[in-house]
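Descriptive analysis of the structure
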Amino acid sequence: MNTVLSAQHVNKYFYDPEKFQVLKEVTFTVQQGEFLSIVGKSGCGKSTLLYLLSTMDTDYEGEIEMAGTKLKGRSQDFLSHFRNEHLGFVFQFHFLLPEFSALQNVMLPGLKLGKYPEKEVEERAMEKLRLIGMADYARKPASKLSGGQQQRVAIARALINDPTIVMGDEPTGNLDRANTENVFEIFRGLAQKGQTIIAVTHDPDFAARTDRVIEMSDGMIIASHENKVQ
Amino acid sequence: MDIRIASQIAQTHLLAKKRQTLVAMLGVTFGIAMFITMISFMQGVNQFLEDSALDASPHIRLYNEVNTQRPSLIDQLNPGNFNVVYHQKPKDELARIKNGIAIAERIEKEPGVLGVSPQVATQAFYNNGPIQLSGTISGVDIERENRLYKLNTRLKSGSLRGLQSNPDGLLMGAVLARKLNVRVGDKVTVTTPIGSTRVLRVVGTFGFGVGTVDNTKSYANLSTVQEMLQKDPSYITDVHIKMVDPLQAIPFGQRLRAMYGYYTEDWATANTAILAGEKIRNVMTFVVSMTLLVVAGFGIYNIMNMTVINKIKDIAILKATGFDGRDIIAIFLLQAIFIGFSGGLLGLLIGFGLSYMLSITPFDAGDFLSLKTFPVIFDPKYYVMGILFGVITTVLAGFFPSRKAAQVDPVAILRG
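Residues numbered from 1 in each chain as written. Chains lettered and ligands numbered in written order. Predicted model: local features only at pLDDT ≥ 70, side-chain atom pairs only at ≥ 80, totals over all residues.

**As for the overall build of chain B**
Regarding its fold elements, chain B presents 17 helices and ten strands. The C-alpha atoms of chain B give 33 Å as radius of gyration, which overshoots the globular expectation for 416 residues (22 Å, by more than 25%). Projected onto the principal axes, the alpha-carbon positions of chain B cover approximately 105 × 60 × 40 Å. Looking at the 416 residues of chain B, the share that counts as buried comes to 40%. Partitioning the intrachain contacts of chain B with sequence separation of at least 6 by distance along the chain shows that 80% fall at a separation of at least 24. (Helix = DSSP H or I, 4+ residues; strand = E, 2+ residues; numbered from the N terminus. Rg over C-alpha atoms; globule rule 2.2 N^0.38 Å. Buried ≥ 20, exposed ≤ 12 C-beta atoms within 10 Å, placed from the backbone. Contact = placed C-beta atoms within 7 Å.)

Written out as C-alpha cells, the structure is:
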C-alpha cells in the first residue's frame, strides 16, 4: 500500500489572545485505501489538525505531504488547485450554496477542475447523488432541503472529482442513525475502491468501525490503534 | 472555462436577489441618464450661444485701423523739448486695404480656409420719409458672404438673388426694416458720411438673432457701395475670413497680420466672455455628472459589500472546494460589471429619451433669437463617455468588495 499522507513533526500555535500551542509534534502517516478516524475531546486540536491537512490553513511548522506532493510553502493558487483535484470535504454543518440546486452544488467543483465536459460532469454528479440516495432531489434548490439531505449532497460534492482523500469534520454529526449507517457504508465502499477517508468524529460507534483510530489529547497523538477487520 | 463557471455563479447570485440587483442598477441608470441629459443640454446651450455669436461675426477680420494720432513735425525733429502746436489737422488716411481683392484671393487658397469675403463697410443714414436711422452698410459679393454666414438661412423675407439681379438692391436687417417701416420692394434713401445719397430698393430682410446686427446692418452690392463712397473698384476696407476649424483662426490671424501688416481680430478675442462662460458650464456639467456617478458608485459599493458579507459562507465553501482567489474576484466583479453595464445601457436609453423630450419642448426665446425649442446636441461621443464612466465606476466600486471576498479565510468561517 502506498502512503498518501504523511505529517512530520507538525506544530501549530494560536496567537490570539495569547500564544498557545494547539498541536505538538504531530507525526503520522496514512495508507491508500485506509478508513481513518480521529477522535478526542473538544479542544484537543483534532479539528485544527484536519484543517491543516485540508491545506486551507497554512500557518504551521513541520512537513505535510499528500499524494506525493510536499505542501509546505506552496502558493494559495497551487493549494486551491490541489484541493480541487485531490481532496474532498464534508463539513460539520452542511454548507451548500443555497441558491443552487443540489445537482449544481455537486457539479461546481467538477466544472472548476475542467477535466470532463459539462455534460459528463453532470452525469457523474447524478451518479454520485444516486450513490448517496439523493437523485430524486437533484433539481431542488439546496435551501429547500432538510439538514440531513444537505449533508448527504455535501458528501456527493466531496466525491465528484474522485479525490485521493476525503476528509470529514463530523461528517455524520447531523444525521440520524439510518443516514449515519448509509454514509458509513458509502465511506467504507470508497475505501475499498482505494480512496482514503479521514474523519474527525465524536461518535465512538462510528470510530470503532473504522480501520484505524487516532486518539488525540492536548494537541498530541496519545494513541493509534487498528480495529479488527469486521 | 473558469470564467464560465464564475459567470454562472455570478448570474445565480444576481437572479437570487432580483430586487437588490434592480436597485443597484437603477442607481447607475439614474446617474448615467442625468449625465447624458445634462451634457447634451449644456453642450446644446453652448453650441447655440457660440453659433449665434460666431455666425454673425467672422472668425478673422482683416482691416486697416485708421490712426489719426500723429506727432507734429516739430515733435519729430525736437523730441522732449517744449513744443507747442495748435490745431493740427489729422492726416487724410484711407481705411482701405491696399490690393484687398488680391489679398482675399490669396488667403482663399490657404489650407483650412472655408471662405473669404472682401467688403466695403461704412456708416450710413437710412431715410424713409421723415424717419432717419443710422446704421452701417456693407458692400459685399453676396455669394461669398453667403458662404461665410449662410445668409440664405437667415432670410426673413425676399431673396439673395434680388441683390445679384438688381445693382441697387439692399438686404436689410429685419429690425432695422421694421423701424423704417419698409418691406421688400420699398425704397430707402441711404446717405453716406461723405454726403452722397442713393436710393436703394429693399430686396430682402435678414435676422441673425443678434441685436447689434439686425438693428443696424444692411448689405448692398460691393460696386454700389464703392460708387456711393466715390471710390475705385479696388477699394476694400475689410476682409472677413471663416476657417474650417474655428480654433485655427487664432494662429492663422497672427500669421496674416505678420504677412500683410494689417490689423486682425479673431473671434476668440472678440467673444472672450462667451468662451469663458462655455468653459465654466462645461466644468459644472462634469462636476454634477461625476457627483451623480460617484453616488451611484457608492451605492454599488454598499450593495456589493453587503453581498460579500451575506455570501461569506459560500465564499469559504467555494475556496474549500478548490476555487482560488481569482475565481472569487471574477464572480463578484462580474456581478458589478453586469450591474454597471445593464444599468448604464438603460441609463443611455432614458438619457436619450429625456434629451429628446427636452429637444422638442417649445421654448419662447422672443423674436430676436432663432430658437423654438431647447437646444440639445445628440452626439454619440457623450453616450460612449456615459457607458464608459458607468462601467469604470462600477468596476471600481465592485473591485474592493471582490478583493475582500477573495481574502476571506475559509478556515475561520468553516470552523464557525
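**Some words on the overall build of chain A**
What chain A contains, in helices and strands, is seven helices and ten strands. The C-alpha radius of gyration computed for chain A amounts to 17 Å, which stays within 12% of the reference 17 Å derived for 230 residues, consistent with globular compactness. Referenced to the eigenvectors of the C-alpha coordinate spread, the extents of chain A come out at roughly 45 × 40 × 40 Å. Going through the 230 residues of chain A one by one, you find that 50% of them count as buried. Taking the intrachain contacts of chain A between residues at least 6 apart in sequence as the baseline, contacts between residues at least 24 apart amount to 68%.

**Concerning the environment of Ser42(A)**
All names here are of chain A. Within the secondary structure, Ser42 is located in the loop between strand S3 (35-40) and helix H1 (46-53). Accessibility expressed as a C-beta count within 10 Å gives 7 for Ser42, which makes it exposed. Considering only alpha carbons, one finds Ser42 and His202, 160 residues apart in sequence, at a separation of 8.7 Å.

**Comments concerning the nonpolar core**
Core analysis: the biggest nonpolar cluster contains 120 residues, and Ala102(A) and Ile300(B) have the highest contact counts within it. With twelve residues, the single largest contributor to this core is helix H2 (residues 18-55) of chain B. With residues near it in sequence (within four places) discarded, Ala102(A) still touches Leu129(A), Met134(A), Tyr137(A), Ala138(A), Lys140(A), Ala142(A), Leu145(A) and Val153(A). Counting residues in each nonpolar core, the second largest holds 48 residues, with Ile60(B), Leu62(B), Leu151(B) and Phe252(B) among its members. (Core = buried A, V, L, I, M, F, W, Y, C linked by C-beta atoms within 7 Å.)

**Focus: the interface of chain B and chain A**
Listed as interface residues are 19 residues of chain B and, on the opposing side, 22 residues of chain A. When residues of the side of chain B that touches chain A are assigned to their parent elements, the largest contribution, five residues, is made by helix H14 (residues 312-320) of chain B. Its residues assigned to classes, the side of chain B that touches chain A comprises nine nonpolar, five polar and five charged. (Nonpolar A, V, L, I, M, F, W, Y, C, P; charged D, E, K, R; others polar.)

**So, the confidence of the model for chain A**
Across chain A, pLDDT averages 85, with 98% of residues at or above 70. Per-element confidence in chain A ranges from a low mean pLDDT of 82 for strand S10 (residues 220-226) of chain A to a high of 91 for strand S8 (residues 196-200) of chain A. (pLDDT = per-residue confidence, 0-100.)

**Side note on the environment of Ile337(B)**
Residue and element names in this part refer to chain B. With respect to the element layout, Ile337 can be found in helix H15 (residues 325-359). Since 17 C-beta atoms lie within 10 Å of it, Ile337 is described here as partly exposed. Taking C-alpha positions, Ile337 is 16 Å from Leu348, a pair spaced eleven residues apart along the chain. Contacts of Ile337, omitting those with residues within four sequence positions, involve Val391, Thr394, Val395 and Gly398.

**Regarding the sheet that holds S10(A)**
Residue and element names in this part refer to chain A. Pairing within the open sheet is mixed, and its six strands lie in the order S6-S7-S8-S3-S9-S10. Unpaired on one side and paired on the other, strand S6 (87-90) and S10 mark the two borders of the sheet. Strand after strand, the sheet turns through a mean of 20° between neighbouring axes, direction not considered. Pairing geometry for S3 and S8, over four bridges, is parallel. (Pairing = 2+ DSSP bridges. Axes fitted to C-alpha atoms, helices over the stretch in contact; angles between N-to-C directions.)

**A short note on the packing of H2(B) against H15(B)**
Residues and elements named next belong to chain B. Direction vectors running N to C along H2 and H15 enclose 40°, while the axes themselves pass 6 Å from each other. Considering the angle they form, H2 stands oblique to H15. Between H2 and H15 lies a crossing of right-handed hand. Among the residues forming the contact of H2 with H15, the class breakdown is 16 nonpolar, 13 polar and no charged. (Parallel < 35°, antiparallel > 145°, perpendicular 65-115°, else oblique. Left-handed = near helix turned anticlockwise from the far one by under 90°.)

**Thoughts on the domain arrangement of chain B**
Here chain B is partitioned into domain 1 (2-54 + 274-414) and domain 2 (60-68 + 78-266). Between domain 1 of chain B and domain 2 of chain B, the C-alpha centre-to-centre distance is 52 Å. (Domains from an automatic or database assignment.)

**Let's talk about the confidence of the model for chain B**
Mean pLDDT over chain B stands at 85; residues scoring 70 or higher make up 97%. Scoring of the predicted complex yields 0.71 for pTM and 0.86 for ipTM.

**Some remarks on the sheet that holds strand S4 (residues 61-66) of chain A**
All names here are of chain A. Here we have four strands laid out as an open sheet, ordered S2-S1-S4-S5, and antiparallel in their pairing. The outermost strands of the open sheet, each flanked by one partner alone, are strand S2 (20-31) and strand S5 (69-70). Pairing of S4 with S5 involves two bridges; the strand directions are antiparallel. In the strand pairing of S5, Glu65 is matched with Lys70.

**What about helix H4 (residues 118-131) of chain A?**
Residue and element names in this part refer to chain A. For H4, built from 14 residues, the straight-helix expectation of 20 Å at 1.5 Å per residue is met to within 8% by its first-to-last C-alpha distance of 20 Å. All buried positions along H4 are accounted for by Val121, Arg124, Ala125, Lys128 and Leu129. Along the axis of H4, the buried positions cluster into a sector of 140°, meaning they face one direction only. Away from its buried face, by an angle of more than 90 degrees, H4 presents the exposed residues Lys119, Glu120 and Glu123. For H4, the secondary structure elements touched by its buried residues are helix H3 (102-113) and helix H5 (147-159). Gly133 sits one or two positions beyond H4 and adopts a positive phi of about 75°. (Expected span 1.5 Å × (residues − 1). Arc of directions from axis to C-beta.)

**Here's the deal with the environment of Leu53(A)**
Residue and element names in this part refer to chain A. Structurally, Leu53 can be placed in helix H1. Separated by 103 residues in sequence, Leu53 and Ala156 have C-alpha atoms that sit 20 Å apart. Ignoring sequence-local partners within four residues, the contact set of Leu53 consists of Leu5, Ile64, Met167 and Ile198.

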